[in-house]
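Listed here are the chains, written in short residue letters.
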Amino acid sequence: MPFKRYVEIGRIALVNYGKDYGKLVVIVDVIDQNRALVDAPDMVRGQMNFKRLTLTDIKIDIKRVPNKKTLIAAMEAADVKSKWENSSWGRKLIVQKKRASLNDFDRFKVMLAKIKKAGVVRQELAKLKKETA
Amino acid sequence: MAPQQRKPHVCRNPDLIRGVGKYSRSKMYHKRGLWAIKAKNGGAFPKHEKKAAAAAPAEKPPKFYPADDVKKPLVNKRKARPTKLRASITPGTVLIILAGRFKGKRVVFLKQLTSGLLLVTGPFKINGVPLRRVNQSYVIATSTKVDISGVNVEKFDDKYFGKKVEKKKKKGEGEFFEAEKEEKNVLPQDKKDDQKSVDAALIKSIEAVPDLKSYLGARFSLKAGMKPHELVF
């Protein structure tokens, strides 16, 4: 199976280990076989081992090592934020974060909502069953 | 003397390094104005006479000397004060009780008593927990708050919850054969009225929030997949 996501300049990656865990960063240069120069609008440009990065599908159009302003402009032009938040991976992460931050009362309300939804589904199912029976 | 609105005094002799002041002794003498005080007093520093010490009553030699030196206990200056309340527990917080008869019940915190225990109520109509004292260590504080402004909890203190002292009955032979305790522990009517008055205002503010009533009526339990150290309460 051929690879689809390549390490290239402009590739957006998700940091999966370390201080910047969970951040989306842009690969801005490749230092050597193991490390990349990585940048994001809210962090200082620095090196990161490829093992700490998980590549995403998103790629932006930049030259090697752009300055911060150009980088931010390119990210806006490619609309990275909304592409990420609409992708199924991005949506999953958002849901995980929301679930982790739920308060005890919120969890209770979610439970009530689930029960309600299941009740409605079951009613519909019963109706359909009766029709086909 | 009651200090009136004094501005905090800036240090006259700031530290250059710890242990070394900026000004020398002679400079400090000048800064403190001791020369002015002496000048005002005619060349010498003003002093007042010592108060005549009250004549101590003549001590008689003690009648008894202990055989060994009696050790004095070490001085203990600690003061008893109520347990420090966790910052997450404020009046109106919903607490989860973790032990005892009401374990798992979600309950409203009213105030901390002088003994350090927390005064808590169900409310009784909602989950069966009466006005009760609970130790802070056996409680999880959630971040849910109930509006408690309409409730007056001034009259409740530790004595209100103490055990009632019964008058001792004289032992008579006949009484041994009778039923030992004829009177059950009936809750006095005034305690029931206290509960009702506290809960009335509370229940109103609870019903203002959707689902809060059923939330307080339900018990808390850990389900599969819930990790207490990762849960946000």
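Residues numbered from 1 in each chain as written. Chains lettered and ligands numbered in written order. Predicted model: local features only at pLDDT ≥ 70, side-chain atom pairs only at ≥ 80, totals over all residues. Heavy atoms only, no water.

*Asks:* Teacher, can you tell me more about the overall build of chain B here?
*Replies:* Within chain B, the secondary structure is distributed over 6 helices and 7 strands. Walking chain B from its N terminus toward its C terminus, one meets helices and strands in the order β-β-α-α-β-β-β-α-β-β-α-α-α. Against the globule reference of 17 Å for 233 residues, chain B gives a C-alpha radius of gyration of 32 Å, more extended than a compact globule. Taken along its principal axes, the extent of the C-alpha atoms in chain B is 90 × 60 × 35 Å. Looking at the 233 residues of chain B, the share that counts as buried comes to 25%. In chain B, of all internal contacts separated by at least 6 residues, the share reaching a separation of at least 24 is 59%. Of the roughly 19,600 Å² that chain B leaves accessible, carbon and sulfur atoms contribute 56%. (Helix = DSSP H or I, 4+ residues; strand = E, 2+ residues; numbered from the N terminus. Rg over C-alpha atoms; globule rule 2.2 N^0.38 Å. Buried < 20%, exposed > 50% of the residue type's maximum accessible area, 1.4 Å probe, protein only. Contact = heavy atoms within 4.5 Å. Areas by Shrake-Rupley, 256 points an atom, 1.4 Å probe, with all protein chains shown as cover.)

*Asks:* Is there a simple way to think about the side chain of A:Thr56 in this case?
*Replies:* Secondary-structure assignment places A:Thr56 in strand β5 (residues 53-59). What makes A:Thr56 buried here is its relative accessible area of 1%.

*Asks:* Where do I start with the sheet that holds strand β6 (residues 132-134) of chain B in this structure?
*Replies:* In sheet architecture, strand pairing relies on hydrogen bonds along the backbone and comes in two forms, parallel and antiparallel. Residue and element names in this part refer to chain B. Overall, antiparallel pairing links the 5 strands, which are arranged β6-β5-β4-β3-β7 in an open sheet. Edge positions in the open sheet fall to β6 and β7 (139-145), since each of these has one partner strand only. Along the sheet, successive strands turn relative to each other by an average axial angle of 45°, direction set aside. Alignment of strand β3 (residues 93-97) against strand β4 (residues 106-112), held across 3 bridges, turns out to be antiparallel. Across the sheet, Leu95 pairs through a bridge with Val107, a residue of β4. (Pairing = 2+ DSSP bridges. Axes fitted to C-alpha atoms, helices over the stretch in contact; angles between N-to-C directions.)

*Asks:* Explanation requested: the packing of aromatic side chains in the structure shown.
*Replies:* For any pair of aromatic rings, geometry is given as the distance between the ring centres together with the angle between the planes. Within this structure, the stated rule accounts for 6 aromatic pairs over all chains. Consider the rings of A:Phe105 and B:Tyr215, whose centres lie 4.7 Å apart with planes at 40°: the pair is tilted. Here B:Tyr215 lies in helix α6 (residues 212-217) and A:Phe105 lies in helix α4 (residues 104-132), a pairing that spans two chains. The exposure class of B:Tyr215 is buried, given its relative accessible area of 0%. Geometrically, the ring pair formed by B:Phe156 and B:Tyr160 is edge-to-face, given 5.0 Å between the ring centres and 80° between the ring planes. An identical accessibility class is assigned to B:Phe156 and B:Tyr160; each is buried. Members of the aromatic cluster, each reached through a chain of ring pairs, are A:Phe105, A:Phe108 and B:Tyr215. (Phe/Tyr/Trp six-rings, centres within 6.5 Å; stacked < 30°, edge-to-face > 60°.)

*Asks:* So what exactly am I meant to see when it comes to the interface of chain A and chain B here?
*Replies:* Many analyses report the size of an interface as the accessible area lost when the parts associate. With 10 residues of chain A at the contact, the number on the chain B side is 18 residues. With both chains or domains summed, chain A and chain B bury close to 970 Å², and 58% of this area falls on carbon and sulfur atoms. Counting the surface chain A buries against chain B, the share from its top three residues, A:Asp104, A:Phe105 and A:Phe108, is 54%. Summed over the shared surface of chain A and chain B, the result is 1 salt bridge. Between A:Asp104 and B:Arg106 there is a salt bridge, with the nearest N and O atoms lying 3.1 Å from each other. One can count 4 residue pairs in polar contact (both at pLDDT 80 or more) joining chain A with chain B. Here the side of chain A that touches chain B gets 6 residues from one element, more than from any other, and that element is α4(A). (Buried area = accessible area lost by both parts, 1.4 Å probe. Salt bridge = Lys/Arg side-chain N within 4 Å of Asp/Glu carboxyl O. Polar contact = N/O pair within 3.5 Å; in protein donor to acceptor, adjacent residues only side chain to side chain.)

*Asks:* Please clarify how the UniProt feature "domain: Large ribosomal subunit protein eL14" (unreviewed entry) in chain A should be interpreted in this entry.
*Replies:* Per the UniProt record, the feature "domain: Large ribosomal subunit protein eL14" (unreviewed entry) sits at residues 45-117 of chain A. The annotated region residues 45-117 of chain A carries 62% helix and 16% strand content, and the separation between its end C-alpha atoms amounts to 47 Å. (UniProt positions renumbered as here; feature names shortened; annotations may be inferred.)

*Asks:* Is there a simple way to think about the environment of A:Asn49 in this case?
*Replies:* Residues and elements named next belong to chain A. One can find Asn49 in strand β4 (residues 43-49). A sequence separation of 12 residues divides Asn49 from Leu37, and the C-alpha atoms of the two residues are 8.8 Å apart. Not counting the four nearest positions on each side in its chain, Asn49 is found in contact with Asn34 and Arg35. A polar contact is formed between the side chain of Asn49 and the backbone nitrogen of Lys51, at a distance of 2.9 Å.

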